[in-house]
Amino acid sequence: MSSMTQITPEIADLVRGAPERPLLIFDAERLARRAARFQAGFPGLVTYAVKANPLPEVLRTLARAGVRSFDVASPAEMEAVRAAVPGAVLHYHNPIRSPAEVEAGKAHGAVSWSVDDMAGLDRLMPMEPGTEIAVRLRLPVRGGAYDFGVKFGADPEAAEALLREVAARGLTPSLTFHPGTQCRDAEAWAVYIHEAARVAAAAGVRLHRVNVGGGFPHWGSVDEAELSAIFERIGTATREAFGAGAPALVCEPGRAMVAGAFAVLARVKALRGDGAAVLNDGIYGALSEWRDVPRAPEVAVLGPDGEARGGAPLARVVYGPTCDSLDRLPQPLGLPSDMAEGDAILFPGMGAYSVALATRFNGYGDLSIVRARTLA
Ligand SMILES: Cc1ncc(COP(=O)(O)O)c(C=O)c1O
């Protein structure tokens, strides 16, 4: 169990209440502290990628903590932000948009628009002169949990042509990239920043801003020093690559901003004869991302009295509640030998891509959101 998540009296109380549905436990104070950490450490503007967790209480907590700019991918996300945070600044950074989505972005007053090809730029026209267009660059850089360059991004030559065209159309050229989610390698950002400077120079364009994306890691043994090292490297790479008059920096974290602010409390519905556990949540619910992003299975098991189980860990296959055999965690979890039916399993660090990805398959996936402190 991560030292960063504790079984507080409030969590023990929740367990004793024997909730039938999985609980998503929200620690708003932790989210506010995380926002402050990003704003103090990142050498530029901190925005939030709404896709990671669009709950209104998340958006409002971030706004109260000073995060007022949001990376949105769809009209529904824009509406969610507008409803929760009046006056928010919107960066519409999904480069593929239908004509109706372009109109919605304009109606919502999005101030920054990413593009990754000429057709995408054409789809935005006509645009208010001076609108910021962030050309999305892609490079074969590794470091993330999977490759974010497969779907979006312009190779350097195409990015150069796009930047030139953006400037020629009287719009404001910026550049953006995403090194891949859960990126543990600070050099991934540095390589992108250096290439951003080269591409801009080749295009003869002065960049207004460089948006270094999200991708900041949460899972594994990531600690504060690792995050600081990434912030630092982004700053030094920008100075090396651009020198004096460097463009302003922007980041748009999802995972690393919100993951630690939530825990999932699931229950053991049944223990099977072979030791496998069937939970009331699984990969069609809040644990959906476990299929794609490897993570340390840092969980705690609590009996119905709210006390942690202490038996030796036993590797158990873990199934979700639906009838599908694929509804199973990719790796067995080390769960206590004395675990029993009706016990609760606390999964920390579950704020990102959990509620956002949960389906209602088989009638499950309806998470109850409760507030509690997850640090004593
Ligand atoms: C454009 C953009 N920005 C930011 C993010 C957030 O990434 P992460 O959750 O890895 O920080 C994503 C994730 O898909 C994205 O597509």
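Quantities reported herein were computed from a predicted structural model and do not represent experimental measurements.

Let's talk about the overall build of the protein
Thinking step 1. Per the secondary structure count, the protein includes 10 helices and 18 strands.
Thinking step 2. Scaling as 2.2 N^0.38, a compact globule of 376 residues should have a C-alpha radius of gyration of about 21 Å, and the protein matches this with 22 Å.
Thinking step 3. By principal-axis analysis of the C-alpha atoms, the protein measures approximately 70 × 40 × 40 Å.
Thinking step 4. Considering the protein as a whole, with its 376 residues, one finds that 55% of them fall into the buried category.
Thinking step 5. Long-range pairs, those at least 24 residues apart, make up 72% of the contacts in the protein between residues at least 6 apart in sequence.
Thinking step 6. As presented, the protein carries roughly 15,100 Å² of accessible surface, and 54% of it is formed by carbon and sulfur atoms.
Thinking step 7. Counting 38 positive and 43 negative side-chain charges, the protein places the centres of these two groups 2 Å from one another.

Things to note about the site of the ligand
Thinking step 1. Surveying the vicinity of the ligand reveals 15 residues, the closest of which are His178, Thr181, Glu252, Arg255 and Tyr353.
Thinking step 2. Contact between the ligand and Arg255: an oxygen atom at 2.8 Å from a main-chain N or O atom of the residue.
Thinking step 3. Between the ligand and Tyr353, the relevant distance is 2.5 Å, taken from an oxygen atom to a side-chain nitrogen or oxygen of the residue.
Thinking step 4. Protein burial of the ligand: of its 400 Å² of free accessible surface, 92% is covered by the chains.

Considerations on the domain arrangement of the protein
Thinking step 1. Considered domain by domain, the protein is made up of domain 1 (9–25 + 260–371) and domain 2 (28–258).
Thinking step 2. The C-alpha-based centres of domain 1 and domain 2 are spaced at 33 Å.
Thinking step 3. If you look at the interface, domain 1 gives 20 residues, while domain 2 gives 17 residues.
Thinking step 4. Interface area for domain 1 against domain 2, summed over the two sides, is near 1,700 Å², with a carbon-plus-sulfur share of 61%.
Thinking step 5. Per-residue buried area on domain 1 facing domain 2 is highest for Gly260, Tyr353 and Arg371; these three make up 29% of the total on that side.
Thinking step 6. Residues Glu289 and Arg255 are paired through a salt bridge, measuring 2.5 Å at the closest nitrogen-oxygen approach.
Thinking step 7. Looking at side-chain class alone, the side of domain 1 that touches domain 2 contains 12 nonpolar, 3 polar and 5 charged residues.

As for the UniProt feature "active site" (unreviewed entry) in the protein
Thinking step 1. Per the UniProt annotation, the sites labelled "active site" (unreviewed entry) are Cys323.
Thinking step 2. Positionally, Cys323 belongs in the loop between strand S15 (318–319) and strand S16 (333–336).

Things to note about the packing of helix H3 (residues 56–64) against helix H4 (residues 75–84)
Thinking step 1. In contact at an axis separation of 9 Å, H3 and H4 are set at 55° when each is read in the N-to-C sense. Here H4 runs oblique to H3, going by the angle between their axes. Crossing angle aside, the handedness with which H3 passes H4 is right-handed. Across the interface between the two elements, Pro56, Leu59 and Arg60 of H3 pack against Ala80, Val81 and Ala84 of H4.
Thinking step 2. Here the contact of H3 with H4 is built from residues that sort into 5 nonpolar, no polar and 1 charged.

Topic: the pattern of salt bridges
Thinking step 1. The final tally for this structure, using the stated rule, is 18 salt bridges.
Thinking step 2. Residues Glu187 and Arg233 are paired through a salt bridge, measuring 2.6 Å at the closest nitrogen-oxygen approach. With Glu187 in helix H8 (residues 186–203) and Arg233 in helix H9 (residues 224–242), this pair connects stretches of sequence that are 46 residues apart.
Thinking step 3. Connected via shared salt-bridge partners are Arg34, Arg37 and Glu224.

Regarding the nonpolar core
Thinking step 1. Tyr48, Val212, Phe216 and Phe347 are the most contacted members of the largest nonpolar core, which has 101 residues in total.
Thinking step 2. Sort the elements by how many residues they give to this core and H8 lands first, with 11 residues.
Thinking step 3. Residues from two domains meet in this core; each of domain 1 (9–25 + 260–371) and domain 2 (28–258) gives at least three.
Thinking step 4. When neighbours within four sequence positions are excluded, Tyr48 is seen to be in contact with Asn53, Val58, Leu59, Leu62, Val67, Ser69, Phe70, Asp71, Pro253, Gly254, Met257 and Val258.
Thinking step 5. If you look at the next biggest cluster of nonpolar residues, it comprises 11 residues, including Ile25, Ala263, Ala300 and Ala344.

Some words on the packing of aromatic side chains
Thinking step 1. Going through the model one piece at a time under the given rule, you end up with 11 aromatic pairs.
Thinking step 2. Taking the centre distance of 5.3 Å and the plane angle of 70° together, the rings of Phe38 and Phe231 count as edge-to-face. In this pair, Phe38 sits in helix H2 (residues 28–41) while Phe231 sits in helix H9, placing the two residues 193 residues apart along the sequence.
Thinking step 3. With a relative accessible area of 0%, Phe38 lands in the buried category.
Thinking step 4. For Phe231, a relative accessible area of 3% corresponds to the buried category.
Thinking step 5. Three or more aromatic residues joined by ring pairs form one cluster here, namely Phe38, Phe42, Trp189, Phe216 and Phe231.

What counts, and at which threshold
- Residues numbered from 1 in each chain as written.
- Predicted model: local features only at pLDDT ≥ 70, side-chain atom pairs only at ≥ 80, totals over all residues.
- Heavy atoms only, no water.
- Helix = DSSP H or I, 4+ residues; strand = E, 2+ residues; numbered from the N terminus.
- Rg over C-alpha atoms; globule rule 2.2 N^0.38 Å.
- Buried < 20%, exposed > 50% of the residue type's maximum accessible area, 1.4 Å probe, protein only.
- Contact = heavy atoms within 4.5 Å.
- Areas by Shrake-Rupley, 256 points an atom, 1.4 Å probe, with all protein chains shown as cover.
- Lys, Arg positive; Asp, Glu negative; His and termini not counted.
- Charge placed at Lys NZ, Arg CZ, Asp CG, Glu CD.
- Near = heavy atom within 4 Å.
- Polar contact = N/O pair within 3.5 Å; in protein donor to acceptor, adjacent residues only side chain to side chain.
- Domains from an automatic or database assignment.
- Buried area = accessible area lost by both parts, 1.4 Å probe.
- Salt bridge = Lys/Arg side-chain N within 4 Å of Asp/Glu carboxyl O.
- Nonpolar A, V, L, I, M, F, W, Y, C, P; charged D, E, K, R; others polar.
- UniProt positions renumbered as here; feature names shortened; annotations may be inferred.
- Axes fitted to C-alpha atoms, helices over the stretch in contact; angles between N-to-C directions.
- Parallel < 35°, antiparallel > 145°, perpendicular 65-115°, else oblique.
- Left-handed = near helix turned anticlockwise from the far one by under 90°.
- Core = buried A, V, L, I, M, F, W, Y, C linked by side-chain atoms within 4.5 Å.
- Phe/Tyr/Trp six-rings, centres within 6.5 Å; stacked < 30°, edge-to-face > 60°.

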